[in-house]
Amino acid sequence: MTSEQEPRARGFVLHESARSYFDYSGQRMFSSTRSSDVARGSLILFDAYYAGLMLGLASKRMGSDEMLDGTVFIQTYPNEYEPYREYIAGLLVDAEVTALSSEEYSERQAERSISRLLQVASPTRLSAAGMHSLNLYAAGGFELLRSKMGARPTDPANFLMRYQDILAKEIGG
């Protein structure tokens, strides 16, 4: 994150198209699915965010501020993701270190840049700048997901199978 960027949100912000892409309505993803698929209601909105985030971090692809919808949809991790907050913070640091290593930074400048991302006392373990970077990686990953997925997913099973293939290709698996 460059020094010109100012953190916009102290929480998780989706890509502006994520809700419509995942047919999110009435607290459900894939809300217009007519099947009796039991898993239909099992995905939460944060799962959509996380899917984009993992692709963004794996590919080191950040989105832009213009891609974000600007609304914090949740302040901290949902219970299911709480145990992984340090892991996610570590993935963010890894992505940023990779980006910094491609530029001319002294070790001290790199340390300062990375420390700006973290705040141990925060429930997410991230500072406002770190949250903003995380949101940008999630937006960049969502763009990648949408471009590689092709036809919009219609239900959780369809999405998860196709997503697994895309993620495996991005991480080289």
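Remember, it's a predicted structure, so these values are computed and weren't measured experimentally. (Residues numbered from 1 in each chain as written. Predicted model: local features only at pLDDT ≥ 70, side-chain atom pairs only at ≥ 80, totals over all residues. Heavy atoms only, no water.)

**What to know about the packing of helix α3 (residues 85–101) against helix α4 (residues 107–115)**
The geometry of α3 relative to α4 is characterised by a closest axis approach of 10 Å and an angle of 145° between their N-to-C directions. For α3 against α4, the interelement crossing comes out right-handed. For the pair α3 and α4, contact is made by V93, E96, V97 and L100 and by A110, S113 and I114, respectively. Residue classes in the contact of α3 with α4 are distributed as five nonpolar, one polar and one charged. (Axes fitted to C-alpha atoms, helices over the stretch in contact; angles between N-to-C directions. Helix = DSSP H or I, 4+ residues; strand = E, 2+ residues; numbered from the N terminus. Left-handed = near helix turned anticlockwise from the far one by under 90°. Contact = heavy atoms within 4.5 Å. Nonpolar A, V, L, I, M, F, W, Y, C, P; charged D, E, K, R; others polar.)

**Here's the deal with the environment of I166**
Among the structural elements, I166 can be located in helix α6 (residues 156–170). Judged by relative accessible area, I166 falls into the buried class, the value being 9%. A sequence separation of 111 residues divides I166 from L55, and the C-alpha atoms of the two residues are 8.3 Å apart. Aside from chain neighbours lying at most four places away, what touches I166 is L55, L145, K148 and M149. (Buried < 20%, exposed > 50% of the residue type's maximum accessible area, 1.4 Å probe, protein only.)

**Points about the nonpolar core**
In terms of nonpolar packing, the biggest core is built from 41 residues, with F22, Y49, L53, L134, L145 and F159 touching the most fellow members. Listed by contribution, the elements that provide at least two residues to this core are β1 (12–15), α1 (18–21), α2 (45–59), α3, α5 (128–149) and α6. Counting residues per element, this core draws most heavily on α2, which supplies nine residues. In this view, L134 contacts F12, Y49, L53, Y77, I88, L92 and L126; residues no more than four positions away in its chain are not counted. (Core = buried A, V, L, I, M, F, W, Y, C linked by side-chain atoms within 4.5 Å.)

**Some words on the side chain of D23**
For D23, the position within the fold is in the loop between α1 and α2. An unpaired buried charge is present at D23: no salt bridge exists, and R152, the closest side chain of opposite charge, is 4.7 Å distant. When sequence neighbours within four positions are dropped, the list of residues in contact with D23 reads R28, M29, F30, S31, S32, T33 and R152. (Lys, Arg positive; Asp, Glu negative; His and termini not counted. Salt bridge = Lys/Arg side-chain N within 4 Å of Asp/Glu carboxyl O.)

**Regarding unusual backbone geometry**
At D23, a position not held by glycine, the phi torsion is positive, near 50°. On the basis of relative accessibility, which here comes to 19%, the residue D23 falls in the buried class. Backbone geometry at R125 places phi at a positive 70°, although glycine is not the residue there. Tracing the backbone shows R125 in the loop between α4 and α5.

**Brief notes about the confidence of the model for the chain**
Mean pLDDT over the chain: 88, with 89% of residues reaching 70 or higher. Across residues 1–5, confidence stays below pLDDT 50; counting only partners more than four residues off in sequence or on other chains, it has seven contacts. (pLDDT = per-residue confidence, 0-100.)

**Digging into the packing of α2 against α5**
Between α2 and α5, the shortest axis-to-axis distance is 6 Å and the interhelical angle comes to 90°. In this view, α2 runs roughly perpendicular relative to α5, as classed from their interaxial angle. When α2 is examined against α5, the residues Y49, A51, G52, L53, L55, G56, L57 and S59 are found in contact with a partner set consisting of L134, N135, Y137, A138, G141, F142, L144 and L145. By residue class, the composition of the contact of α2 with α5 is 11 nonpolar, five polar and no charged. (Parallel < 35°, antiparallel > 145°, perpendicular 65-115°, else oblique.)

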